[in-house]
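# Results of the structural survey
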Amino acid sequence: MANVIKLRKGLDINLQGKAEEKKIQLKSNGQYALVPDDFEGVTPKVVVKEGDKVKAGDALFVNKQYPEVKFASPVSGTVSAVVRGERRKVLCVKVDADAQQEFKDFGKKDVSTLSGEQVVNALLEAGIFGYINQLPYAVSTNPGAQPKAIFVSALRDKPLAADFEYEVQGQEADFQTGLSALSKIAKTYLGVGVGSKLEGMKDAEVTVFDGKCPAGNVGVQVNHIDPVNKGEVVWTIGDPTVVLFIGRLFNTGKVDLKRTVALCGSEITSPAYVDMLVGEELSTLLSNSYDASKSVRIINGNVLTGKPTTKEGFLGAHTSEITVIPEGNDADEMLGWILPRFKQFSVNRSYFSWLCGKKQYALDARVKGGERHMIMSGEYDKVLPMDIYGEYLIKAIISGDIDRQEALGIYEVSPEDFALAEFVDSSKLELQRIVREGLNILRKENA
């Protein structure tokens, strides 16, 4: 019987445009790109040149700090470009896919016979290891870090999030192999939602999280099961598809970076699921899926933590949804805030929409107000189900007080844990950016 942890704090935002449980078929245009920025904390060193031929599983770049951590090409083909930005920063490595795909063969392996070190070496060789993150600092981990535990969250509960229970159907064996492989490295915990079909998974301690968003955040789960203290490291997989990548590697001997993505949002004409490879260009997916005459915001990810992108963008390494919502720059509201606003969502019942029950909202990308002084109102605490003082921690990060940040639990948090606090914040602060900058400074200080 799995442990059950009930969370009282949090907020579910009910948005229009959730993907139906049906799959649409796409014919890819053959353009792929791996983006180093998808792997937080990685400084890339490109190991291919334009014109090089690569197989699926060959390394495109490595982590400069830990060169043994490679990042594999999702497809076989020809390297068409290494795109650089300011100060020669590597923005992406583009690959034009072959019509007939070739895979680098890493050999099938029986996980039950492997040691933890052999599992890590297999993941390093295949270029998948970099998909595993760590706390503290919420960055891509390194093989030298000895984790006290590994946490996997198979609960996606952010607005319009893709349902992992739907994605994993028919792939349970790969998921089990992935969990078994991780359990060889350190004690593994699996967090699931109420009524999940994954409760019976072996080689992991399963915990059911019963509560509102952000119960699915891996940081929240770590906080409730085995919090991180200074000097400790835990490995985290908040994107459960990574466990499928690991399982497929051992079961087939190939790097298969296919994931099921939700095409969702109030602007999508028929929201549905689609199978795509990491790094696939979005133009084929978005070509006829929404009204191109409207001003829209295309998001690589979900509405709380995703990044703005365009049709020419590429599917992120950890992205399980492509969301399209109105930009809001053409909204014309007569009398503005004075109206009762039945179609607008409000956390604190400023609008009359709270009388409408569990209504679905078509929210746009506007911030609705400028940055202002921080008010100690306790609003972060209502949506942050962690044993930390959110507002005080943010103040300590802004003021640069490292001792106070450590005392207030900065080692336990990641930027996504503050995504809902950023949504409800009446001061309109970019909390996720503030937390990320604070973690980066601490990482440099402690290096």
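Residues numbered from 1 in each chain as written. Predicted model: local features only at pLDDT ≥ 70, side-chain atom pairs only at ≥ 80, totals over all residues. Heavy atoms only, no water.

In this section: the domain arrangement of the chain. As a measure of interface size, the accessible area lost when the parts come together is often cited. Splitting the chain by domain gives domain 1 (3-14 + 106-252), domain 2 (31-97), domain 3 (258-339) and domain 4 (381-446). Here the C-alpha centre of domain 3 lies 25 Å away from the C-alpha centre of domain 2. Facing the 10 residues of domain 2 at the interface are 10 residues of domain 3. Between domain 2 and domain 3, roughly 840 Å² of surface is buried when both sides are summed, and carbon and sulfur atoms account for 63% of that area. Of all residues in domain 2, Gln 31, Tyr 32 and Asp 38 bury the most surface against domain 3, accounting for 50% of the area lost on that side. In this structure, the connection of domain 2 to domain 3 is made through zero salt bridges. (Domains from an automatic or database assignment. Contact = heavy atoms within 4.5 Å. Buried area = accessible area lost by both parts, 1.4 Å probe. Salt bridge = Lys/Arg side-chain N within 4 Å of Asp/Glu carboxyl O.)

Turning our eyes to something else, we now look at a positive patch on the surface. Taken together, the side chains of Lys 45, Lys 64, Arg 84 and Arg 88 make up a positively charged region of the molecular surface. Relative to the helices and strands, Lys 45 is located in strand β3 (residues 44-46). (Patch = residues over 30% accessible without salt bridge, like charges linked within 9 Å, V, L, I, M, F, W, Y side chains within 5 Å. Areas by Shrake-Rupley, 256 points an atom, 1.4 Å probe, with all protein chains shown as cover. Lys, Arg positive; Asp, Glu negative; His and termini not counted. Charge placed at Lys NZ, Arg CZ, Asp CG, Glu CD. Helix = DSSP H or I, 4+ residues; strand = E, 2+ residues; numbered from the N terminus.)

Moving on: the packing of aromatic side chains. Following the criterion strictly, the structure yields 11 aromatic pairs and no others. Feature note: the residues Phe 39, Phe 61, Phe 71, Tyr 131 and Phe 245 constitute an aromatic cluster, connected by ring pairs. (Phe/Tyr/Trp six-rings, centres within 6.5 Å; stacked < 30°, edge-to-face > 60°.)

With respect to topology, three strands assemble into an open sheet ordered β3-β5-β6, the strand pairing being antiparallel. Edge positions in the open sheet fall to β3 and β6 (70-72), since each of these has one partner strand only. Averaged over neighbouring strand pairs, the angle between their axes works out to 30° when direction is ignored. Examined bridge by bridge, β3 and strand β5 (residues 59-63) share three bridges and lie antiparallel to one another. Each bridged residue has a counterpart across the sheet, and for Val 46 the counterpart in β5 is Phe 61. (Pairing = 2+ DSSP bridges. Axes fitted to C-alpha atoms, helices over the stretch in contact; angles between N-to-C directions.)

Before going further, it helps to examine the pattern of salt bridges. Between side chains of opposite charge, a pair can form as their charged atoms come close. Enumeration according to the criterion identifies 19 salt bridges in this entry. Taking the shortest distance from any N to any O, the salt bridge between Asp 226 and Lys 148 comes out at 2.9 Å. Linking Asp 226 in the loop between α4 (218-225) and β14 (234-237) with Lys 148 in the loop between β10 (139-140) and β11 (149-153), this pair joins segments that are 78 residues apart in sequence. Judged by relative accessible area, which is 23%, Asp 226 ranks as partly exposed. Of the residues examined, Lys 148 reaches a relative accessible area of 30% and is grouped as partly exposed. Each of the salt bridges in this network shares a partner with another, and the network as a whole consists of Arg 156, Glu 167, Asp 239 and Arg 259. (Buried < 20%, exposed > 50% of the residue type's maximum accessible area, 1.4 Å probe, protein only.)

A separate point is α4. With respect to burial, α4 is a largely interior element, six of its eight residues being buried. For α4, the set of buried residues is Val 218, Gly 219, Val 220, Gln 221, Val 222 and Asn 223. Packed against the buried residues of α4 are β9 (133-135), β11, β12 (188-192), β13 (205-210) and β14.

Right, let's get into the packing of helix α1 (residues 116-126) against helix α5 (residues 241-252). Relative orientation of the contacting elements α1 and α5 amounts to 95°, with a least axis distance of 11 Å. On the basis of their axis angle, the class for α1 and α5 is roughly perpendicular. Across from Val 119, Ala 122, Leu 123 and Ala 126 in α1, the residues of α5 making contact are Ile 246, Leu 249 and Phe 250. Looking at the contact of α1 with α5 residue by residue, the class counts come to seven nonpolar, no polar and no charged. (Parallel < 35°, antiparallel > 145°, perpendicular 65-115°, else oblique. Nonpolar A, V, L, I, M, F, W, Y, C, P; charged D, E, K, R; others polar.)

Ranked by size, the top nonpolar core spans 64 residues in total, and within it Tyr 131, Phe 175 and Leu 190 carry the most contacts. Beyond its immediate sequence surroundings of up to four residues, Phe 175 is in contact with Ala 154, Phe 164, Val 168, Leu 190, Leu 198, Met 201, Pro 240, Val 243 and Leu 244. (Core = buried A, V, L, I, M, F, W, Y, C linked by side-chain atoms within 4.5 Å.)

Our next topic: the packing of α1 against helix α3 (residues 172-185). In the contact formed by α1 and α3, the axes pass within 7 Å of each other and the chain directions differ by 120°. The orientation of α1 with respect to α3, classified from their angle, is oblique. Two packed elements cross with a definite hand, and for α1 against α3 that hand is left-handed. Taken together, the residues of α3 that come into contact with α1 (itself represented by Gly 116, Val 119 and Val 120) are Ala 181, Lys 184 and Ile 185. In the contact of α1 with α3, the residues fall into four nonpolar, one polar and one charged. (Left-handed = near helix turned anticlockwise from the far one by under 90°.)

Glancing now at the environment of Val 435. Within the element layout of this structure, Val 435 appears in helix α11 (residues 431-446). The sequence separation of Val 435 and Leu 114 amounts to 321 residues, and the corresponding C-alpha distance is 38 Å. In this structure, Val 435 is in contact with Ile 394, Ile 397, Val 413, Ser 414, Pro 415 and Phe 418, ignoring residues within four places of it in sequence.

Mapped onto the secondary structure, Lys 368 falls in the loop between β19 (321-326) and α7 (379-383). Placed 251 residues apart in sequence, Lys 368 and Glu 117 show a C-alpha to C-alpha distance of 51 Å.

One open sheet accounts for four strands, arranged β2-β8-β7-β4; its pairing is antiparallel. Each edge of the sheet is formed by a strand with only one pairing partner; in this case those strands are β2 (31-34) and β4 (53-54). Note that β4 and strand β7 (residues 77-84) share two bridges and pair antiparallel. The partner of Val 54 across the bridge, within β7, is Gly 77.

Our focus in this paragraph is a nonpolar patch on the surface. A contiguous nonpolar patch, built from Met 376, Tyr 389 and Tyr 392 and spanning about 330 Å² of accessible area, is present on the exposed surface. By the element assignment, Tyr 389 lies in the loop between α7 and α8 (390-399).

A few words now on the side chain of Glu 280. Among the structural elements, Glu 280 can be located in the loop between β16 (272-277) and α6 (283-286). Despite its burial, Glu 280 remains without a salt bridge, the nearest opposite charge being carried by Lys 27 at 10 Å. Here Leu 277 takes part through its backbone nitrogen, which lies 3.1 Å from a polar atom of the side chain of Glu 280. Setting aside anything within four residues of it in sequence, one finds Glu 280 in contact with Ser 28, Gln 31, Tyr 32, Gly 313, Phe 314 and Leu 315. (Polar contact = N/O pair within 3.5 Å; in protein donor to acceptor, adjacent residues only side chain to side chain.)

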